[in-house]
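Fold and contact review
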Amino acid sequence: MPHLSLRKPLLKHLATGALLLAAMTTAMAGAQREETLSDSVQSSMSRAIADGVQPRLVFTNAAEGQAWLDEMSDRLAKRIPDEFMRKKLLTIAQYEATRAGLDPQLVLGLIHVESGFNRYALSPVGARGLMQVMPFWQRQIGTPQQSLFDLATNLRYGCTILRHYLDIENGDLFRALGRYNGSLGRAEYPNLVYGAWKNYYAWVPPTQQVAQK
């Protein structure tokens, strides 16, 4: 997996991020800023969005994948009571994150902060769905017919966009998250996402748990 740079504000203010998460009652809405994409980047992102491969769990073995799915499903049970929809969302999120070279737990942390796992979340500035994607991305890398409230579509857009921001920031997660939220340079949002990632969705495969004992 590509290296992600975690700047000091992310690590230094982890406790602050956890406190802010505990106090949150509404979803934080993302507000990516529209930018001009080079032809090559636009083409690459468009291909990623258009790929019709069906999402599936991507793990080294089926048992590890099932262990991850079961544990994450238990963690999300209060937020998403329907087990079928919960596991469907998790399967898509794990696939799209892995496909984009992202940590699936990071993506779950971002969804936690952005929409609180409300697939129909709509922000005052128009960001939509689980990962709060701005509609201008449909014009740039997709089509207007694609619904950003659809689970698979929203997760594909969101992961593709975050991967793009990581690439232009040379793997600097602090700055990439700031771009994703439209708050580049400020620590509050990256801290919230990092806090959710580490406090709610951190996961160690069972084989590694045994090795660490």
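This is a predicted model, so every value here is computed, not measured. (Residues numbered from 1 in each chain as written. Predicted model: local features only at pLDDT ≥ 70, side-chain atom pairs only at ≥ 80, totals over all residues. Heavy atoms only, no water.)

Re the overall build of the chain
Under the convention used in this document: Strands here are runs of E lasting at least two residues and helices are runs of H or I lasting at least four, both read from the DSSP assignment and numbered beginning at the N terminus. Relative accessibility thresholds used throughout: buried, under 20% of the residue-type maximum; exposed, over 50%; partly exposed, between the two (1.4 Å probe, protein chains only). A contact between two residues is defined here by any heavy atoms of the two lying within 4.5 Å. Using the Shrake-Rupley algorithm and a 1.4 Å probe, accessible areas are obtained, with residue cover drawn only from the displayed protein chains.
When its secondary structure is counted, the chain shows 11 helices and zero strands. For the chain, the sequential pattern of α-helices and β-strands runs α-α-α-α-α-α-α-α-α-α-α. The proportion of buried residues among the 213 residues of the chain is 46%. Of all intrachain contacts in the chain linking residues separated by at least 6 positions in sequence, the fraction that spans at least 24 positions is 69%. Accessible area for the chain stands at about 10,400 Å²; split by element, carbon and sulfur atoms hold 54% of it.

A closer look at helix α8 (residues 151-168)
Short version of the rule: Between the first and last residue of a helix there are one fewer steps than residues, each counted as 1.5 Å, and that sum is the expected span. Between N or O atoms, a polar contact is any pair within 3.5 Å; within protein, one atom must be a potential hydrogen donor and the other a potential acceptor, and residues adjacent in sequence are included only when both atoms are from side chains.
Taking 1.5 Å of rise per residue, 18 residues should cover 26 Å, and α8 covers 26 Å from first to last C-alpha, within 8% of that figure. Counting buried positions over the 18 residues of α8 gives 15, a clear majority of the element. Two to three positions downstream of the cap, the backbone nitrogen of Ala152 sits 3.3 Å from a side-chain oxygen, assigning the N-cap of α8 to Asp150. Phi turns positive, to about 55 degrees, at Asn170, one or two residues after α8.

Thoughts on the packing of aromatic side chains
Quick note on the threshold: Under the pairing criterion, centres of Phe, Tyr and Trp rings, with the six-membered ring standing for Trp, must be within 6.5 Å; the plane angle then separates stacked pairs below 30 degrees from edge-to-face pairs above 60, leaving the rest tilted. Cation placement over rings: the criterion is NZ of Lys or CZ of Arg within 6 Å of the ring centroid and within 35° of the ring normal.
In this structure the tally under the stated criterion is nine aromatic pairs. Between Phe117 and Tyr201 the ring centres are 6.1 Å apart and the planes differ by 55 degrees, which places this aromatic pair in the tilted class. One end of the pair, Phe117, is in the loop between α6 (104-114) and α7 (136-141); the other, Tyr201, is in the loop between α10 (188-200) and α11 (206-212), with 84 residues separating them in the sequence. Tyr201 matches Phe117 in its accessibility class, with the two residues each being buried. Over the face of the ring belonging to Trp197 we find Lys198, whose NZ or CZ atom lies 4.1 Å from the ring centre.

A few points about the packing of helix α4 (residues 62-75) against helix α5 (residues 83-99)
Quick reminder of the rule: Axis definition: a line fit to C-alpha positions, over the contact stretch in the case of helices; interaxial angles, taken between N-to-C directions, run 0 to 180 degrees. Angles are sorted into four bins: roughly parallel if under 35 degrees, roughly antiparallel if over 145, roughly perpendicular if 65 to 115, and oblique for all others. Note: crossing handedness is left-handed where the near helix turns anticlockwise from the far helix by less than a right angle, and right-handed where it turns clockwise. Three categories are distinguished: nonpolar for Ala, Val, Leu, Ile, Met, Phe, Trp, Tyr, Cys and Pro, charged for Asp, Glu, Lys and Arg, and polar for the others, with Gly belonging to the last.
Here α4 crosses α5 at 125 degrees, and the two axes come no closer than 10 Å. Classed by the angle they form, the pair α4 and α5 counts as oblique. Both α4 and α5 take part in a crossing whose hand is right-handed. In this structure, α4 contributes Trp68, Leu69, Asp70, Met72 and Ser73 to the contact, and α5 contributes Glu83, Arg86, Lys87, Leu90, Thr91 and Gln94. Partitioned by chemical class, the residues of the contact of α4 with α5 number four nonpolar, three polar and four charged.

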